[in-house]
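Here is what each chain is made of, one letter per residue.
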Amino acid sequence: YSLMPTKASCATRLWLVTIGYAFALAPLLLKIMSINRMLSAARKFKRTKVSKSHVYYMLGGLLLVVVVYLSLWTALDAASPKTTLELRTQNSNAIDEYLYCSSEKGVWAA
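Residues numbered from 1 in each chain as written. Predicted model: local features only at pLDDT ≥ 70, side-chain atom pairs only at ≥ 80, totals over all residues. Heavy atoms only, no water.

(A) Summary view of the overall build of the protein chain. Broken down by element type, the protein chain carries 2 helices and 2 strands. When the helices and strands of the protein chain are listed from N to C terminus, the series reads α-α-β-β. For 110 residues, the compact-globule estimate of 2.2 N^0.38 gives 13 Å, and the protein chain exceeds it by more than 25% at 22 Å. Burial status across the protein chain gives 16% buried among its 110 residues. Nonlocal contacts in the protein chain, meaning residues at least 24 apart in sequence, comprise 58% of its contacts between residues at least 6 apart. For the protein chain, the accessible area works out to roughly 8,800 Å², and carbon and sulfur atoms hold 64% of it. (Helix = DSSP H or I, 4+ residues; strand = E, 2+ residues; numbered from the N terminus. Rg over C-alpha atoms; globule rule 2.2 N^0.38 Å. Buried < 20%, exposed > 50% of the residue type's maximum accessible area, 1.4 Å probe, protein only. Contact = heavy atoms within 4.5 Å. Areas by Shrake-Rupley, 256 points an atom, 1.4 Å probe, with all protein chains shown as cover.)

Written out as structure tokens, the structure reads:
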């Protein structure tokens, strides 16, 4: 961290990273779903159409699930800054300080 982490910076970092991954991975997942849908219809010799509006609604639904999850996480068990101190070696006087953001319960992140 370039600055000392605060509760706000921990929550902001969590939201930006998670929403960023959702925007990157959800369209790929939807594209694979659309291709699978077309291939399944081709096996039955049926035509199928995948409309852009349907894909956009699905993307909005996936992002809504992510936003609800993050809202619950932030409201119930917001990440807060933590500090860990460790000795470098047994006979040393040097102490390493580790700063990180963490929630109290580990059930939120996989």
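(B) Inspection of the nonpolar core at higher detail. Among the nonpolar cores identified, the biggest contains 5 residues, and these are Ala22, Ala26, Leu30, Leu59 and Leu63. In terms of residues, this core owes the most to one element, helix H1 (residues 7-43), which gives 3 residues. Residue contacts for Leu59: discarding those within four places in its chain leaves Ala26, Pro27 and Leu30. (Core = buried A, V, L, I, M, F, W, Y, C linked by side-chain atoms within 4.5 Å.)

(C) Quick look at helix H2 (residues 52-77). For H2, which comprises 26 residues, the first-to-last C-alpha distance of 37 Å matches the rise-based estimate of 38 Å (1.5 Å per residue) to within 8%. The complete set of buried residues in H2 reads Leu59, Leu63, Leu70, Trp73 and Asp77. The elements touched by buried residues of H2 are H1. (Expected span 1.5 Å × (residues − 1).)

(D) Region of interest: the layout of surface pockets. Taken as a whole, the largest pocket holds about 200 Å³ of empty space. Lining the largest pocket we find 13 residues, and of these Leu14, Trp73, Ala79, Cys101 and Ser102 sit closest to its centre. No other element matches the 5 residues that H1 contributes to the lining of the largest pocket. When grouped by side-chain class, the residues that make up the lining of the largest pocket number 7 nonpolar, 4 polar and 2 charged. (1 Å grid on protein atoms, 1.4 Å probe; cavity = no way out; pocket = protein on both sides within 12 Å on 5 of 7 lines; lining within 4 Å. Points joined across faces, edges and corners; volume = space filled by probe spheres on them. Nonpolar A, V, L, I, M, F, W, Y, C, P; charged D, E, K, R; others polar.)

(E) Highlighting a nonpolar patch on the surface. There is a patch of nonpolar side chains on the surface, built from Val17, Tyr21, Leu25 and Leu28 and spanning about 420 Å² of accessible area. Considering the arrangement of structural elements, one finds Leu25 in helix H1. (Patch = residues over 30% accessible without salt bridge, like charges linked within 9 Å, V, L, I, M, F, W, Y side chains within 5 Å. Salt bridge = Lys/Arg side-chain N within 4 Å of Asp/Glu carboxyl O.)

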